[in-house]
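Here's the letter readout for the chains.
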Protein chains: 2
Amino acid sequence: MAGSTDVAARESAAPARRGDGAGFDAQADVVVVGGGGGGLPAALFSRWLGNQVILLEKAAELGGTARKAAFWYWVPNNEPMRALGIQDPEDDCLRYMARLARPHRYDPDSPTLGLSQWEYEVCRAIYQSASPATELLAQRGALPYRHCAAVPDYWAELAEDKAPQGRVLVPEDASPTMSDGGVVGVRTMSAAAARDGVDVRTGHRVQRLVVDDGGAVVGVEASTADGSTHRVGARKAVIFATGGFTHNPELRRNFLNLPVYGGCAATSNEGDFIPIASYLGAQLRNMNYAWMCPVPLEKALAGDPSMSGMFSVAGDSMLFVDKRGRRVVNEKLPYNELAQTFFRWDPLAGEYPYLVLVQVWDQRAQDHSASDEYGRLIVPPGGDDAHVLRGGTFQELAGAVAGRLAGYERVTGGLKLADDFAANLQASVARFNELAAKGVDEDFHRGERSVQVLFNGNVREEPGRVNPTLWPLAEEGPYYAALVTGGTLDTKGGPKATSDGQVVDDLDRPIPGLYGVGNCVASASAQAYWAGGATLGPIIALAYRAAQAASAEPARWAAPQASTPPG
Amino acid sequence: MAGSTDVAARESAAPARRGDGAGFDAQADVVVVGGGGGGLPAALFSRWLGNQVILLEKAAELGGTARKAAFWYWVPNNEPMRALGIQDPEDDCLRYMARLARPHRYDPDSPTLGLSQWEYEVCRAIYQSASPATELLAQRGALPYRHCAAVPDYWAELAEDKAPQGRVLVPEDASPTMSDGGVVGVRTMSAAAARDGVDVRTGHRVQRLVVDDGGAVVGVEASTADGSTHRVGARKAVIFATGGFTHNPELRRNFLNLPVYGGCAATSNEGDFIPIASYLGAQLRNMNYAWMCPVPLEKALAGDPSMSGMFSVAGDSMLFVDKRGRRVVNEKLPYNELAQTFFRWDPLAGEYPYLVLVQVWDQRAQDHSASDEYGRLIVPPGGDDAHVLRGGTFQELAGAVAGRLAGYERVTGGLKLADDFAANLQASVARFNELAAKGVDEDFHRGERSVQVLFNGNVREEPGRVNPTLWPLAEEGPYYAALVTGGTLDTKGGPKATSDGQVVDDLDRPIPGLYGVGNCVASASAQAYWAGGATLGPIIALAYRAAQAASAEPARWAAPQASTPPG
């Protein structure tokens, strides 16, 4: 069923009572809310367990943030690893997860490794269910995959990483660069949903829950762009998978640990589940952390729905400098870590001096490292290059950067390029070139970790070079620049749910009939970004578990005679 | 009425319906929940407007966090300023507030200065009501004050601070050092409450609201340590003033922007209002920021109720070093800023390298800068010095520090002193001594702001010295050390309330009969710590406004005949 292109406005999230109004407009055993990387698997798993399933998606099409992603998915101890004889036992994997989730609480001798009991249980559930979930999706043709045997975890060199390569899968038909995995994965899962009889309704914004007298969730009320309300009953359970709150500026500024301008999640990710579940006493958890990524300043400020996070900062003859023209960071850090840099606080100036950094590159990088994949800012001729600034000299480039920044002063706290930017940039490039010539970044250690090489992108071949992430910038222009800040892929916080996806109330009691998976509920990863696909792998695992638990709930009433039984 | 020394356990926060049970055990026009720096003024202001008032306090005694504070209160454009002819117009003051609340959003040309509409309105309310509230408390003898004409704001040198001195008041009978202001202020307000007929009931933990069929809040249910439930009706309104969530580790780790170990708020500050209000659709705001302060590691980890934040890091021949023995921060930064330092993330090591810093001082500082006030770690002979480590040489001192840290490895992510700590400390002291001899801290600019001098504490007089914050450490021991981390005074987040203290639902509609003031509701200060007393000044202003609005609500039923009318 085609959805409207418009999205209904937000209404009150206060729950409706079952006794209100005239029954349901539609009903199923399981109602899934949201049709992205969490909702599609949740709907499929529920359907395959014999349930009648309605999927309500707020946007005009399925896919959510997953459609924009490369759709790597991190699956510990996956089937191809086992086939290759790569060991990834549970205890080791949990240590890696805990070490990064709560670094300053990590305790190898604690029964929960320093995690809270809830975090520990959910991490175990991820380990135990990611592979079975993945195999089932593949077997049913919903998400055939291929193994990325050489892709490292993002902290592969940590002592706690005992299986540093091999945990990442991608949709089978993704391109060799894998950047279109999301389009492929959403297509195959959507096709399976259509094939297997999931009743998909796009353009439906769920506004509130329907609750019976005993406090169980028995349905939802959704509105469409025409203003009408649709009351959809769930005989067993409702599973929310509505994404995070990247596109809710009010929630961002009041919860996130860093004051980002935005992110590249689907624009429908406005945190709708937060008020909806709060009315039933749900506890919000992990509201401070996000899946972070550098983003181009202009698109972040514009809320551009096409924006991609900068997963890969490509190029060798390329560096980042601050508003004073000084190099301040390892540009090849994994994106989640690189994105933190922008929010270092200066306690004397009372400002974020690195809020906007300037990516600078030369013609060599332009010629050899251009790409329109993975959010790279060095784009090929003919691509969208509105963010690219140019100068024949560093002085000219500084003028272009200063002019662009001036247009954003009202939303950057008056951030200006320093008067000595060009001179400092010249000195920074000289120092960078000296390090690049040696192939050793003594200042920031660029290129010393496998993940940094993984995201280096295409560079001109230089026979015999040991560090492919470094090369001196040319003595002569033209030079190029672009403005970068930190953003989110999506947020990590929301109602607390058990390792079976059951949303709990303020005393940790499951709310009957209410489930959540994906970025709309709290992630047990806390502050960690374990690896590429550490988003979608755990989400698929928990969707699998939530579908099983939801399916096992008693039907609260019999299906009406007229409805089509599950096939 | 004396309270129990025990606190009742938490129960479900799901609201009760008025129809439930057998009416109220007690009732008043206004019920105030919490008897600290927000609740005492709210109760007094409500009472003085002619209302019958019941005040329910969870702890065994009144005072909350305010009792532990110096009780400076920041009152823009206060009466003594006006008497002295110090100009502090509203527009200027709001610019200072906005510049620091949202530094990267500050826009001098925006109607709201870059704040959200809500933040702007609450900041205006603070400006407009802090002085009238203060004067009324003084006139009624509840909180006589004296003016701290020389105390600067914490960002006095910012261009936006047009009244950098004079906004701070303290309770009149506080000692010359003002550190006992909280004890004095709580005593005078408690006495006024008793004198004027506020019905104070300690040992009462409010568990949930009582709501009528129309959705209005008409009372609360509180439990006492004996397990009994007390249903207290509010004919006009309930005003919460229950403090932040410093002592709820689960909330701390899931909301705060920095992973602190604890703080020095009253131990009863466990965030009780969060689940209570969430059930009515309240929106949580400013959950990421806290009033920050360095704290001694041992007491923070122990949750010691006697712990004071380190408002003043005293001494001249004193420095902080990291686990490698390197100086990394200006030790005299105002406490809110200094506390951020501990949580700088190392994106290659995957750790917080400054999670614990080591304060080091010599015999000179011990002899001349010891004090048991303002959380200082250099304590006089006979004081509580369990946190003080000693060594005749830096090598010996390193051994003592390493030993102490070893006992905390399981809760610090395995943090260890580096093997070269003593050597690096020696070099850091040599560098520090060189700068101190010059009186200019070229590395971290210690002593260059008025607030840094304000908190310098007592130091040995050195005639002709221009920078009293610096003096070389002695060439010979003994040396002393203590372990420091970052913590909170209390948190800043909670339900969103209007500039009249009305808690709003998910669509910004006031919830009838429900008010909140103080650290239990969202602070519009966002990330700012404007000045000493930027906690209590605004709280008193908003308590005044909430009491006025609550008093103006219609009584939802008539007072019973038997009850004593307001005097």
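This text goes with the structure placed above it.
Throughout what follows, the structure given in this document is the object of discussion. (Residues numbered from 1 in each chain as written. Chains lettered and ligands numbered in written order. Predicted model: local features only at pLDDT ≥ 70, side-chain atom pairs only at ≥ 80, totals over all residues. Heavy atoms only, no water.)

## Section: the overall build of chain A
Here's step 1: Helices and strands together make up the secondary structure of chain A, namely 14 helices and 19 strands.
Here's step 2: Here chain A has a C-alpha radius of gyration of 24 Å; the compact-globule value for 567 residues is 24 Å, and the two agree.
Here's step 3: Counting over 567 residues, chain A shows a buried share of 65%.
Here's step 4: Long-range pairs, those at least 24 residues apart, make up 75% of the contacts in chain A with a sequence separation of at least 6.
Here's step 5: Looking at chain A as shown, the accessible area adds up to about 18600 Å², and 50% of this sits on carbon and sulfur atoms.
Here's step 6: Measuring between centres, the 52 positive side-chain charges of chain A sit 3 Å from its 66 negative side-chain charges. (Helix = DSSP H or I, 4+ residues; strand = E, 2+ residues; numbered from the N terminus. Rg over C-alpha atoms; globule rule 2.2 N^0.38 Å. Buried < 20%, exposed > 50% of the residue type's maximum accessible area, 1.4 Å probe, protein only. Contact = heavy atoms within 4.5 Å. Areas by Shrake-Rupley, 256 points an atom, 1.4 Å probe, with all protein chains shown as cover. Lys, Arg positive; Asp, Glu negative; His and termini not counted. Charge placed at Lys NZ, Arg CZ, Asp CG, Glu CD.)

## Here we look at the sheet that holds strand 4 (residues 73-74) of chain B
Here's step 1: The sheet built from three strands is open, its strands ordered 4-6-5 (chain B) with antiparallel pairing. Of all the strands in the sheet, just strand 4 and strand 5 (145-147) of chain B have a single pairing partner and so form its edges. (Pairing = 2+ DSSP bridges.)

## Quick notes on the interface of chain B and chain A
Here's step 1: Facing the 67 residues of chain B at the interface are 68 residues of chain A.
Here's step 2: When chain B packs against chain A, the two sides together hide about 5600 Å² of surface, and 46% of this comes from carbon and sulfur.
Here's step 3: Considering only the surface of chain B that becomes buried against chain A, B:His104, B:Arg253 and B:Leu348 emerge as the three largest contributors, covering 15% of it.
Here's step 4: Along the contact surface separating chain B from chain A lie ten salt bridges.
Here's step 5: Put simply, B:Asp506 and A:Arg10 hold a salt bridge, and the shortest N to O gap is 3.0 Å.
Here's step 6: The interface formed by chain B and chain A includes 42 residue pairs in polar contact (both at pLDDT 80 or more).
Here's step 7: Counting residues per element, the ones that place at least two in the side of chain B that touches chain A are helix 7 (249-255), helix 8 (273-278) and strand 11 (284-285) of chain B.
Here's step 8: Examining the composition of the side of chain B that touches chain A, we find that six residues originate from one element, helix 7 of chain B, more than from any other.
Here's step 9: In the side of chain B that touches chain A, the residues fall into 28 nonpolar, 19 polar and 20 charged. (Buried area = accessible area lost by both parts, 1.4 Å probe. Salt bridge = Lys/Arg side-chain N within 4 Å of Asp/Glu carboxyl O. Polar contact = N/O pair within 3.5 Å; in protein donor to acceptor, adjacent residues only side chain to side chain. Nonpolar A, V, L, I, M, F, W, Y, C, P; charged D, E, K, R; others polar.)

## Quick look at the sheet that holds strand 6 (residues 168-171) of chain A
All names here are of chain A.
Here's step 1: With antiparallel pairing, three strands are arranged side by side in an open sheet as 4-6-5. Two strands bound the open sheet, and with one partner strand each, they are strand 4 (73-74) and strand 5 (145-147).
Here's step 2: In the sheet, strand 4 pairs with strand 6 via two bridges, with the strands oriented antiparallel. Considered in strand 6, the bridge of Tyr73 is made with Leu169.

## Details of the relation of the copies chain B and chain A
Here's step 1: Its rotation angle being 180 degrees, the transformation that places chain B on chain A also includes 0.0 Å of axial translation and leaves an RMSD of 0.0 Å. Considering both components of the superposition, the chain copies are consistent with a two-fold axis.
Here's step 2: An overlap of 100% is found between the interface residues of chain B and their copies at the interface of chain A, pointing to a shared contact surface. (Least-squares fit on C-alpha atoms with pLDDT ≥ 70 in both.)

## Some thoughts on the packing of aromatic side chains
Residues and elements named next belong to chain A.
Here's step 1: Tallied over the full model, the rule gives 45 aromatic pairs over all chains.
Here's step 2: Judged by centre distance (5.5 Å) and plane angle (90 degrees), the rings of Phe71 and Tyr73 are edge-to-face.
Here's step 3: For Phe71, a relative accessible area of 1% gives the class buried.
Here's step 4: Tyr73 gets classed as buried once you look at its relative accessible area, which sits at 0%.
Here's step 5: Measuring from centroid to centroid gives 4.2 Å for Phe240 and Phe273, while their planes differ by 15 degrees, and the two rings are stacked. With a gap of 33 residues between them, Phe240 in strand 10 (residues 229-240) and Phe273 in helix 7 (residues 273-278) connect regions that are remote in the sequence. Neither Phe240 nor Phe273 differs from the other in exposure class; each is buried.
Here's step 6: Three or more aromatic residues joined by ring pairs make a cluster, and in this case those are Trp72, Tyr154, Trp291, Phe311, Tyr335, Tyr374, Phe455 and Tyr529. (Phe/Tyr/Trp six-rings, centres within 6.5 Å; stacked < 30°, edge-to-face > 60°.)

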